[in-house]
Amino acid sequence: MTRPLLMIPGPIELSPAVQAAVDGPPPSHVAPAVIQAFGDGLRRMRTVWGATDDSAPFAVAGSGTLAMDAAVANLVAPGDRALVVHTGYFSARMADMLRRRGAVVDVLAAEPGHAPDAEALTARLEATPADLVFITHVDTSTGVLVDLPGLAAAVRATDALLIVDGVCATGAERTDMAALGADVVLTASQKAIGLPPGLALWVASPRALARRDALTAPVPMFLDWQVWRPILTAYEEGRPSYFATPATPLIRALPVALDEIADVDAVHARHVDAARRLRAAWTALDLRLLPGDGLAAHTLSALWIPEGHDATLPAKVAAHGVIIAGGLLPELRSRYVRVGHMGYSTTRPDHLARTVEAIAHALGRDPRPALDALGG
Ligand SMILES: *Cc1c(COP(=O)(O)O)cnc(C)c1O
């Protein structure tokens, strides 16, 4: 049997070019090719993020959670008022991090599968002003995509900083950091960026950098933006630099992966198309989405497990050669599954077809109507 296809919400299947760039012995962090790739990668992050030239891109060894912790450590002083727009598991993680930092945390929540809208956010910020607002662009636990432009405008009407968790969104959903007026947009290499796991990636606005510079509360050294900025600036300027060893194989592949998603409108359109076709296939299989109408992300599908089946469904799908994920939201964990559809696999109709076929077989259904609905 061929290698199973990885269709979870990260890590994802790699493109051949990214795989080739990652493969091989790890280079030195001061090898000329690594310095070049690091600089190119950081510059291309601004393009993919839609960020201004005076914003600062960061690429640090770690996962998305490290980028979240870094945002909290650099922007929040104990006693600051933080509002978390809560759409699921990762919003809850963000609120927990903020409480650990000593922030006064307010939560604007919605039922699982739903999301607070701009009106609700405006009303909450009027009733309970905040210094910082944290929004999860796509909550990977529920497959919900928030109305980021609407929510960002509501935040912009106040003085609060806006921090966007774009893990599972940035590089696939529309993320125009400058147009949104976002102060931090963070993600991880293994989601829509299309690299293996191992890099925490974020871009900070000049306003966010100024906030860090004004912070007097101590920041753990590895997380400190002030420690990293001269290092990353050096790489952008083509000079070797060292603070803590970069994940050099991933840095070598960073500009390759970002190049593949640099045409952000076309890449977004491709994800929308893949999601639309997969939804038609889910409907043909009688599967229902967890997210409410108009709220489903284009990067993954959270699907209710149908009558007569249970939480063993991912294992049954795996027996047909495709890896999908189980539920993540504690209260509903055993009642739904998650199928990732981001990055390279959205360029591969055969990946989407294999996924639909494996799920149909695992459910004991005829795959043909679903494959017809999926289209070529
Ligand atoms: C995956 C994910 C994270 C955590 O990223 P890790 O790389 O697993 O640490 C955070 N937020 C969202 C929305 C995610 O999808």
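Up top is the structure.
Residues numbered from 1 in each chain as written. Predicted model: local features only at pLDDT ≥ 70, side-chain atom pairs only at ≥ 80, totals over all residues. Heavy atoms only, no water.

A. Spatial organisation of the site of the ligand. In the region of the ligand, 14 residues are neighbours, and Ser63, Thr65, Thr140, Asp165 and Lys191 sit closest. The backbone of glycine 64 places a nitrogen or oxygen atom 2.8 Å from an oxygen atom of the ligand. The protein chains hide 90% of the 380 Å² of surface that the ligand would expose on its own. At 3 residues, helix α3 (residues 64-75) tops the list of elements feeding residues into the shell around the ligand. Taken together, the residues of the shell around the ligand break down into 6 nonpolar, 6 polar and 2 charged. (Near = heavy atom within 4 Å. Polar contact = N/O pair within 3.5 Å; in protein donor to acceptor, adjacent residues only side chain to side chain. Areas by Shrake-Rupley, 256 points an atom, 1.4 Å probe, with all protein chains shown as cover. Helix = DSSP H or I, 4+ residues; strand = E, 2+ residues; numbered from the N terminus. Nonpolar A, V, L, I, M, F, W, Y, C, P; charged D, E, K, R; others polar.)

B. The arrangement of the packing of aromatic side chains in detail. A full pass over the atoms with the stated rule returns 8 aromatic pairs. Judged by centre distance (5.5 Å) and plane angle (90°), the rings of phenylalanine 222 and tryptophan 228 are edge-to-face. With relative accessibility at 32%, the residue phenylalanine 222 sits in the partly exposed group. Overall, the relative accessible area of 5% leaves tryptophan 228 in the buried class. One aromatic cluster is present, formed by Phe58, Trp202 and Trp225 through successive ring pairs. (Phe/Tyr/Trp six-rings, centres within 6.5 Å; stacked < 30°, edge-to-face > 60°. Buried < 20%, exposed > 50% of the residue type's maximum accessible area, 1.4 Å probe, protein only.)

C. Here's a closer look at the environment of alanine 302. As for its placement among the helices and strands, alanine 302 is situated in strand β11 (residues 300-304). According to the relative accessible area criterion, alanine 302 is buried, its value standing at 0%. Taking the C-alpha atoms as reference, alanine 302 lies 32 Å from proline 249; in sequence the two are 53 residues apart. Contact partners of alanine 302, with chain neighbours within four places excluded, come to Thr142, Gly143, Arg288, Leu289, Leu290, Pro291, Tyr336, Val337 and Arg338. (Contact = heavy atoms within 4.5 Å.)

D. The nonpolar core, seen in detail. Grouped together as the largest cluster of nonpolar side chains are 91 residues, with contacts concentrated most on Trp49, Phe134, Trp202 and Trp225. Per-element tally for this core: the top contributor is α3, with 8 residues. Look past the residues within four positions of tryptophan 49 in its chain and what remains in contact with it is Thr170, Thr175, Asp176, Met177, Val185, Thr187, Ile193, Leu201, Trp202, Val203 and Leu258. Core analysis: the second largest hydrophobic core is formed by 25 residues, Met7, Ala281, Leu285 and Leu374 among them. (Core = buried A, V, L, I, M, F, W, Y, C linked by side-chain atoms within 4.5 Å.)

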